[in-house]
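Residue-level structural notes
Residues per chain, in single letters:
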Amino acid sequence: RATSVKDGKVNIPFVFSNENNEIHGFVPGFHMRDVVSKTIEDCEKMLYLKIKEEVLKRIQNNQTFPFFPDDKQIYEDFDDVVKIIRYDFEVPTLN
């Protein structure tokens, strides 16, 4: 099932977990390697750039977005989650 675009935006969860004293950043639903850093802030910056690129690619190719779980589901489904940050990305509507 795909995530719906509301008001021209898609809300994407950035999930950060602590694994072996490193912060791993990822987005559930996007199949890509984790972004790894020593701090959440650095990891967030790197993940944002990677996800922005992925969002633009999906828009250009007119692809749907995967289902993004809510925060409760993320905490239940993934181990060692230390923080979830959600970003809204603008998705132009095709008229």
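The coordinates are above.
Note that the structure is predicted; figures quoted are calculated from it, not measured.

Once that is clear, we can look at the sheet that holds strand β3 (residues 35–37). Within the open sheet, the four strands sit side by side as β3-β2-β1-β4. Their pairing is antiparallel. The open sheet has two free edges, formed respectively by β3 and β4 (81–90), since each of these has just one partner strand. Strand-to-strand, the axes of this sheet are offset by a mean angle of 25°, without reference to chain direction. As paired elements, strand β2 (residues 22–26) and β3 share three bridges and run antiparallel to each other. In the strand pairing of β3, isoleucine 23 is matched with serine 37.

So, about the pairing of strand β1 (residues 9–19). Put simply, side chains in a regular strand alternate between the two faces of the sheet. For β1 and β4, the ladder comprises nine bridges, and the chain directions are antiparallel. Note that in β4 the partner of valine 15 across the bridge is isoleucine 84. Examined bridge by bridge, β1 and β2 share five bridges and lie antiparallel to one another. For valine 15, the partnering residue across the bridge sits in β2 and is phenylalanine 26.

Here we come to the packing of aromatic side chains. Ring pairs (aromatic) are described by centroid distance and by the angle formed between their planes. Tallied over the full model, the rule gives eight aromatic pairs. By way of ring pairs, the aromatic residues Phe14, Tyr48, Tyr87 and Phe89 are connected into one cluster.

Here we take up the pattern of salt bridges. Tallying each qualifying case throughout the model produces four salt bridges. Across the salt bridge formed by glutamate 54 and lysine 57, the nearest N and O atoms sit 3.4 Å from each other. Of this pair, glutamate 54 and lysine 57 are both found in helix α1 (residues 40–60), three residues apart, which corresponds to roughly one turn of the helix. On the basis of relative accessible area, glutamate 54 is assigned to the buried category, the value being 16%. When its relative accessible area of 41% is taken as the criterion, lysine 57 is described as partly exposed.

The next point concerns the side chain of serine 37. Summarising the element assignment, serine 37 is placed in strand β3. You can call serine 37 buried: its relative accessible area is 12%. In contact with serine 37, not counting residues within four places along its chain, are Glu22, Ile23, Asp42, Cys43 and Met46.

Rules used throughout
Residues numbered from 1 in each chain as written. Predicted model: local features only at pLDDT ≥ 70, side-chain atom pairs only at ≥ 80, totals over all residues. Heavy atoms only, no water. Pairing = 2+ DSSP bridges. Helix = DSSP H or I, 4+ residues; strand = E, 2+ residues; numbered from the N terminus. Axes fitted to C-alpha atoms, helices over the stretch in contact; angles between N-to-C directions. Phe/Tyr/Trp six-rings, centres within 6.5 Å; stacked < 30°, edge-to-face > 60°. Salt bridge = Lys/Arg side-chain N within 4 Å of Asp/Glu carboxyl O. Buried < 20%, exposed > 50% of the residue type's maximum accessible area, 1.4 Å probe, protein only. Contact = heavy atoms within 4.5 Å.

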